[in-house]
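# Coordinate inspection notes
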Amino acid sequence: DQWMEGRAYGHLGKVSHLLGEYQRAVEMQEKHLEITLKFGGRAGLMMAYSCLGQAYISLGEYTKAIEMHEKHLVVALEMGDQGQQQAAKSFLEIAYTWTSIGKLKRDLEIALESGDQEGKRAVYEQLGSMYSLLEEHRKAVDMYEKVLEIALETGDRICEVTASMNMGISYGRLGENRREIEILEKCQEIALELGNRSMLMIIYDRLDMSYTSLGEYRRAIATNENRLEIALETGDRGEEIGAYRGLGAK
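Residues numbered from 1 in each chain as written. Predicted model: local features only at pLDDT ≥ 70, side-chain atom pairs only at ≥ 80, totals over all residues. Heavy atoms only, no water.

### Quick look at the overall build of the chain
For the record, the criterion: Put simply, DSSP marks the helices as runs of H or I at least four residues long and the strands as runs of E at least two long, and each gets a number from the N terminus on. Every radius of gyration here is taken over C-alpha atoms, with the globule rule written as 2.2 Å times N^0.38, N being the number of residues.
The secondary structure content of the chain amounts to twelve helices and zero strands. Reading the chain from its N terminus to its C terminus gives the helix and strand order α-α-α-α-α-α-α-α-α-α-α-α. Relative to the 2.2 N^0.38 estimate, which gives 18 Å for 250 residues, the radius of gyration of the chain is 24 Å and therefore markedly larger than a compact globule would have. When the backbone C-alpha atoms are referred to their principal axes, the chain occupies close to 70 × 50 × 30 Å.

Quick look at the structure:
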């Protein structure tokens, strides 16, 4: 029974994927898709495209992954399967993001060769953002550290705060809340020196979450009070509501 043979290849591909054997996973899923195209229904075909696309992403073959998930999306749209439509779009976003990272790395090589500080800073910043989208937060930290180094070398205080904030937030997403707080408190000092209220409100919002996650409610309340004070002075209704919400939750 070739249909059952195709399913068996699909299961073997999933197991190989879970074991980190991505080349074997691709080989199994390619056989699965080949048989499903001949003998399977649309639901089976949709999942075959999805599984092969995921295997290509793990193997780093993003162009092929995009091709598979575009076909995955087409079948999902034809079937009216909203869950699979969303899944296909998510996988496409991941594949496109990794493709962008590859291009940015090539741009970085050029900037490094030419000694273009601004070019390096911009690429590191974009790479940090891309890695954050992919939840590769340790890699994001590494990129934001590079941005911070350049900011310190050039004396760009705004860039220094922005890079530090992004680095702190990435540490928070890694569950390293103490490290995040340490960095954000330094950002707070610089933002106060610069009189940059918009940055301060972002910092206070993130500090509120970090203090709360550690059960440090008094510090979270003080942070929201500071945030509220600036919101009232600047007439920022969104931040005012956020500050009141933060105070009410404590």
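Still to come is the rest of the account.
### Notes on helix α12 (residues 237–248)
The line we're drawing: Multiplying 1.5 Å by the helix residue count minus one yields the expected span of that helix. Throughout, exposure labels follow a simple rule: accessible area from a 1.4 Å probe, protein chains only, divided by the maximum for the residue type, with under 20% read as buried, over 50% as exposed, and the rest as partly exposed. In this description, one arc is meant: the one made by directions from the helix axis to the C-beta atoms.
Here α12 contains twelve residues, and its C-alpha end-to-end distance of 16 Å stays within 8% of the 16 Å for a straight helix at 1.5 Å per residue. Along α12, the residues that are buried comprise Glu 239, Glu 240, Gly 242, Ala 243 and Gly 246. Down the axis of α12, the smallest arc covering the buried residues is 165°, so these residues share one side. In α12, the exposed positions that point more than 90 degrees away from the buried face belong to Arg 237, Gly 238, Arg 245 and Gly 248.

### Quick look at the nonpolar core
To keep it simple, the criterion reads: Put simply, buried Ala, Val, Leu, Ile, Met, Phe, Trp, Tyr and Cys residues joined by side-chain atoms within 4.5 Å make one nonpolar core. Contacts are residue-level and defined by heavy atoms, with any inter-residue pair within 4.5 Å sufficient.
Ile 101, Leu 127, Tyr 131, Val 161, Met 167 and Ile 203 are the most contacted members of the largest nonpolar core, which has 40 residues in total. Of all the elements in the fold, those that place two or more residues in this core are α5 (82–114), α6 (117–133), α7 (137–154), α8 (157–173), α9 (177–194), α10 (197–213) and α11 (217–234). Beyond its immediate chain neighbours, meaning those up to four positions away, Ile 203 contacts Val 161, Met 165, Leu 184, Cys 187, Gln 188 and Ala 191.

### Notes on a nonpolar patch on the surface
The following threshold applies: Every patch collects residues that have over 30% relative accessible area and no salt bridge, joining them within 9 Å if they carry like charges and within 5 Å if they are nonpolar side chains (Val, Leu, Ile, Met, Phe, Trp, Tyr). Computed with a 1.4 Å probe, the accessible areas rest on the Shrake-Rupley method; for each residue, only the protein chains presented here act as cover. We define a salt bridge as a contact between a side-chain nitrogen of Lys or Arg and a carboxyl oxygen of Asp or Glu at a distance within 4 Å.
Together, Trp 3, Met 4 and Phe 39 make up a nonpolar patch on the protein surface, roughly 320 Å² of accessible area in all. Inspection of the secondary structure assignment puts Trp 3 in helix α1 (residues 2–18).

### Remarks on the side chain of Glu 160
Put simply, the rule reads: Any N or O atom pair separated by 3.5 Å or less is treated as a polar contact, with the protein-specific requirement of one donor-capable and one acceptor-capable atom, and with residues adjacent in sequence counted only for side-chain atom pairs.
For Glu 160, the position within the fold is in helix α8. Separated by 3.0 Å, the side chains of Glu 160 and Arg 157 make a polar contact.

### Looking at the layout of surface pockets
To keep it simple, the criterion reads: Think of a 1 Å grid over just the protein atoms. A cavity is a set of points where a 1.4 Å probe fits yet cannot get out, a pocket is an open set with protein on both sides within 12 Å along at least five of seven lines, and lining residues have an atom within 4 Å of a point. Grid points are joined across faces, edges and corners, and a volume is the space filled by probe spheres set on the points. Any residue that is not Ala, Val, Leu, Ile, Met, Phe, Trp, Tyr, Cys, Pro, Asp, Glu, Lys or Arg is counted as polar, Gly included; the first ten are nonpolar and the last four charged.
In this model, the largest pocket occupies a volume close to 260 Å³. Forming the walls of the largest pocket are 14 residues, and the residues nearest its centre are Gly 6, Arg 7, His 32, Gly 44 and Met 47. Contributing elements (two or more residues each) for the lining of the largest pocket: α1, α2 (22–39) and α3 (42–59). Its residues placed into classes, the lining of the largest pocket shows four nonpolar, eight polar and two charged.

### Details of the packing of aromatic side chains
Counted only if it meets this: Whether two aromatic rings pair depends on their centres lying within 6.5 Å, for rings of Phe, Tyr and Trp, where Trp uses its six-membered ring; planes under 30 degrees apart make the pair stacked, over 60 edge-to-face, and the rest tilted.
Following the criterion strictly, the structure yields two aromatic pairs and no others. When the centroid spacing of 6.0 Å and the interplanar angle of 5° are considered together, the rings of Tyr 62 and Trp 98 count as stacked. Of this pair, Tyr 62 sits in helix α4 (residues 62–79) while Trp 98 is found in helix α5, placing the two residues 36 residues apart along the sequence. Taking the centre distance of 6.1 Å and the plane angle of 70° together, the rings of Trp 98 and Tyr 131 count as edge-to-face. Of this pair, Trp 98 sits in helix α5 while Tyr 131 is found in helix α6, placing the two residues 33 residues apart along the sequence. Accessibility expressed as a relative area gives 5% for Tyr 131, which makes it buried. Cluster of aromatic residues (ring-pair linked, three or more members): Tyr 62, Trp 98 and Tyr 131.

### So, the pattern of salt bridges
Counted according to the given criterion, the structure contains 18 salt bridges. A salt bridge links Glu 67 to Lys 71, with the nearest nitrogen and oxygen atoms 3.5 Å apart. Linking Glu 67 with Lys 71, this pair stays in helix α4, spanning four residues, or about one helical turn. The partly exposed category is assigned to Glu 67, whose relative accessible area is 38%.

### What about the packing of α3 against α5?
What describes two packed helices is the angle between their axes and the distance between those same axes. Just so we agree on the cut-off: What counts as an axis is a line fitted to C-alpha atoms, over the stretch in contact for a helix, and the angles between N-to-C directions run from 0 to 180 degrees. Each angle receives one of four descriptions, namely roughly parallel if under 35 degrees, roughly antiparallel if over 145, roughly perpendicular if within 65 to 115, and oblique otherwise. In this scheme the handedness of a crossing depends on how the near helix is turned from the far one: anticlockwise by less than a right angle means left-handed, clockwise means right-handed.
In the contact formed by α3 and α5, the axes pass within 11 Å of each other and the chain directions differ by 20°. When the axis of α3 is compared with that of α5, the two are roughly parallel. The two elements α3 and α5 cross, and the hand of that crossing is left-handed. Residues Met 46, Met 47, Ser 50, Gln 54 and Ile 57 of α3 lie in contact with α5, whose contacting residues are Gln 84, Phe 91, Ile 94 and Ala 95. Split into classes, the residues belonging to the contact of α3 with α5 amount to six nonpolar, three polar and no charged.

Structural measurements only, silent on function.
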